[in-house]
Amino acid sequence: MPSDRSALWTRYNRATADLDPPFAIVDLDAFDANSDALVAKAAGKPLRVPSKSIRVRALIDRTLARPGWHGIMAFTLAEAVWLAEQGTADDILVAYPTADRAALHRLATDEKLAATITIMVDSLEQLDLVPSNDKVTVRVCIDLDASWRPMSKVHIGVRRSPVHSPRQAGELAAAIAERPGFRVVGVMSYEAQIAGLGDAPPGRPVRGALIRAIQARSMPELLARRSAVVAEVRRHADLEFVNGGGTGSVAATAADPSVTEVAAGSGLFGPWLFDGYRNWRPQPAAMFALSVVRRPNDATVTALGGGWIASGETAPTRQPLPWLPEGLKLITTEGAGEVQTPLVGPGTRGLKAGDRVYFRHSKAGELCERVNEIHLVRGDRIVETVPTYRGEGRAFL
């Protein structure tokens with residue numbers, strides 16, 4: 001009897017028989033199942049979809065049309081303006097501060113855009129970049145640093161906002177409240193050391209134990225501090241939302257009484273980094289296909305292209321994972337290369353020139369920076385082909 005992976009390989013090959021690699025697909029059954037699983041984990045709190053994890057308007061639309069989802073978390077202001085003008089959403093939070101003068105001018109001179117988009121700040125100097133306009137009020141969200149600092153000079157998490165304490169958040173909220181033309185409507189915090197770190201990395205039990213220990217101590221500290229931050233900010237602003245979390249922490253973040261919504265996007269595509277999480281592993285939904293073009297020896301086949309490397313620290317975890325057929329792996333001396341990717345393992349048996357190998361990207365939306373379109377598969381056929389941001393001529397970072 002063929003394995004589930006073998007059946008998938010056969011099904012995807014049948015669906016894409018008329019295509020020539022390289023190409024990318026999204027399995028809609030897996031995508032929708034991941035969406036439903038994330039909503040269930042959010043336990044009634046709305047999920048905001050981070051667009052950087054998708055970068056396909058049709059799939060963002062699909063997500064927002066499903067119960068439990070509302071609003072977009074954009075990664076740049078220019079992207080947020082574009083999405084708003086396309087009518088993709090009427091509630092768009094920009095996840096990072098911006099110095100884009102043209103986009104800020106658009107925001108500050110358009111009442112409809114200003115009512116739709118909320119910008120992120122962690123200092124007053126970011127507000128200095130926004131053109132003044134007596135007719136428009138700019139919506140502002142304060143970015144809270146969610147990293148864990150158990151002792152002096154120890155920083156566990158990503159380096160984002162300088163706003164770490166309730167006092168700092170309250171002082172910033174008070175200063176913004178005194179500025180005409182701005183209104184604080186939200187607080188956001190991304191607990192990367194919890195949401196972005198798999199607690200069961202394959203083959204690395206010591207690292208997994210260390211990550212679990214960090215997360216067990218970091219989350220209670222953040223819960224108390226985030227609650228105090230929200231209380232301080234509410235002294236100066238009528239908050240509409242408090243956003244937190246990511247795919248790796250949906251249930252834990254949703255359980256925080258101070259949080260009103262959770263961000264989650266990578267879990268929709270199910271990139272292979274999430275295979276290292278204990279609490280939930282999304283179904284692999286997005287992948288790309290390469291052609292086998294030669295066999296250097298009996299134990300090796302070579303695919304054309306493949307170096308679709310993810311951002312972050314330089315490490316094997318940033319390389320794509322050969323997924324279908326089962327039983328393939330990269331070789332350490334070459335990895336996934338710009339023009340060729342050698343593969344070894346029992347899965348090479350029977351592969352010949354022209355066969356497809358399907359890879360899962362290490363991260364989610366970055367896959368879409370490499371292709372102009374995504375083929376949406378259901379069962380053994382392509383039901384639709386839709387453009388990526390790149391396919392629409394858009395590159396925001």
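Placed above this text is the structure.
Everything numeric here is computed off the predicted structure, so don't read it as measured data.

**Student:** Looking at this model, I keep getting lost on helix α5 (residues 101–108). Mind explaining?
**Tutor:** A turn of α-helix holds 3.6 residues, and therefore any two residues three or four places apart point the same way. All of the buried residues along α5 are Ala-103, Leu-104, Leu-107 and Ala-108. Taken down its axis, α5 places every buried residue within 130° of arc, on the same side. Exposed and facing more than 90 degrees away from the buried side of α5 are Arg-101 and Ala-102. For α5, the elements touching its buried residues are α4 (77–85), α6 (111–116), β5 (117–121) and β6 (138–144).

**Student:** Looking at this structure, how should I read unusual backbone geometry?
**Tutor:** Apart from glycine, the bulk of residues carry a negative phi angle, and the bulk of peptide bonds sit in the trans form. Residue Pro-22 is reached from Pro-21 by a cis peptide bond, and omega for that bond is 5°. With respect to the helices and strands, Pro-22 occurs in the loop between α1 (4–15) and β1 (23–27). Residue Leu-324 is joined to Pro-325 through a cis peptide bond whose omega torsion reads 0°. The topology assignment puts Pro-325 in the loop between β12 (321–324) and β13 (329–330). Located in the positive-phi region is Ala-43, a residue other than glycine, with phi close to 50°. Residue placement: Ala-43 occurs in the loop between α2 (28–42) and β2 (47–50). Judged by relative accessible area, which is 66%, Ala-43 ranks as exposed. Even without being a glycine, Arg-55 presents a positive backbone phi close to 60°. Looking at Arg-55, the relative accessible area reads 10%, which means it is buried.

**Student:** It is not clear to me how the environment of Trp-9 should be interpreted in this structure. Could you clarify?
**Tutor:** Mapped onto the elements, Trp-9 comes out in helix α1. The spacing of Trp-9 and Tyr-358 is 349 residues in sequence and 8.0 Å in space, taken between C-alpha atoms. Not counting residues up to four positions away in its chain, the partners in contact with Trp-9 are Leu-324, Pro-325, Leu-351, Arg-356 and Tyr-358. Side-chain polar atoms of Trp-9 contact the backbone oxygen of Arg-356, separated by 3.0 Å.

**Student:** Is there a simple way to explain the packing of aromatic side chains in this structure?
**Tutor:** Given two aromatic rings, one states the distance between the centres and the angle between the planes to describe the pair. All told, the structure shown has nine aromatic pairs when counted by the stated rule. Taking the centre distance of 6.4 Å and the plane angle of 90° together, the rings of Phe-75 and Phe-396 count as edge-to-face. Here Phe-396 lies in the segment after β17 (381–387) and Phe-75 lies in the loop between β3 (69–74) and α4, a separation of 321 residues in the sequence. By the burial criterion, Phe-75 is buried, and Phe-396 matches it. Centre to centre, the rings of Phe-288 and Trp-308 are 4.0 Å apart; their planes meet at 20°, and the pair counts as stacked. Here Phe-288 is found in strand β10 (residues 286–297), whereas its partner Trp-308 is found in the loop between β11 (300–304) and β12, with 20 residues between them in sequence. Of the aromatic side chains, those joined through ring pairs into one cluster are Phe-75, Trp-82, Tyr-389 and Phe-396. Positioned over the ring face of Trp-323 is Arg-5, at 3.6 Å from the centre of the ring. Residue placement shows Arg-48 over the ring face of Phe-241; its charged tip is 5.3 Å from the ring centre.

**Student:** Help me understand the packing of α2 against helix α3 (residues 57–64), please; the structure alone is not making it clear to me.
**Tutor:** Helices that pack against each other are described as a pair by the angle of their axes relative to one another and the distance between those axes. Close contact between α2 and α3 brings their axes to 11 Å; oriented N to C, the two are set at 45°. Judged by the inter-axis angle, α2 sits oblique to α3. Viewed along their axes, α2 and α3 form a crossing whose handedness is right-handed. From α2, Leu-28, Phe-31 and Asp-32 reach across to α3, where they touch Leu-59, Arg-62 and Thr-63. Residue composition of the contact of α2 with α3, by class: three nonpolar, one polar and two charged.

**Student:** Please clarify how the pairing of β5 should be interpreted in this entry.
**Tutor:** Strand residues, when the strand is regular, have side chains that alternate between the two faces of the sheet. Of all five residues making up β5, five are buried, and the element is well covered by its neighbours. The alternating pattern of β5 places Ile-117, Ile-119 and Val-121 on one face and Thr-118 and Met-120 on the opposite face, and all of these are buried. As paired elements, β5 and β6 share four bridges and run parallel to each other. In the strand pairing of β6, Ile-119 is matched with Val-140.

**Student:** What should I look at first to understand the sheet that holds β6 in this one?
**Tutor:** Neighbouring strands of a sheet are bound in pairs by backbone hydrogen bonds; such pairs are parallel or else antiparallel. If you walk around this closed barrel you meet the eight strands as β2-β3-β4-β5-β6-β7-β8-β9, and the pairing is parallel. Neighbouring strand axes in the sheet, compared pairwise and without regard to direction, differ in orientation by 30° on average. Bridge count for β2 against β3 is three bridges, and the pairing is parallel. Counted as the bridge partner of Pro-50 is Met-73 from β3. Contacts from α3 reach β2 and β3, with the element oriented near 145° to β3.

Criteria and cut-off values
- Residues numbered from 1 in each chain as written.
- Predicted model: local features only at pLDDT ≥ 70, side-chain atom pairs only at ≥ 80, totals over all residues.
- Heavy atoms only, no water.
- Buried < 20%, exposed > 50% of the residue type's maximum accessible area, 1.4 Å probe, protein only.
- Helix = DSSP H or I, 4+ residues; strand = E, 2+ residues; numbered from the N terminus.
- Arc of directions from axis to C-beta.
- Contact = heavy atoms within 4.5 Å.
- Polar contact = N/O pair within 3.5 Å; in protein donor to acceptor, adjacent residues only side chain to side chain.
- Phe/Tyr/Trp six-rings, centres within 6.5 Å; stacked < 30°, edge-to-face > 60°.
- Lys NZ or Arg CZ within 6 Å of the ring centre and 35° of its normal.
- Axes fitted to C-alpha atoms, helices over the stretch in contact; angles between N-to-C directions.
- Parallel < 35°, antiparallel > 145°, perpendicular 65-115°, else oblique.
- Left-handed = near helix turned anticlockwise from the far one by under 90°.
- Nonpolar A, V, L, I, M, F, W, Y, C, P; charged D, E, K, R; others polar.
- Pairing = 2+ DSSP bridges.

Keep in mind these numbers describe shape, not what the thing actually does.
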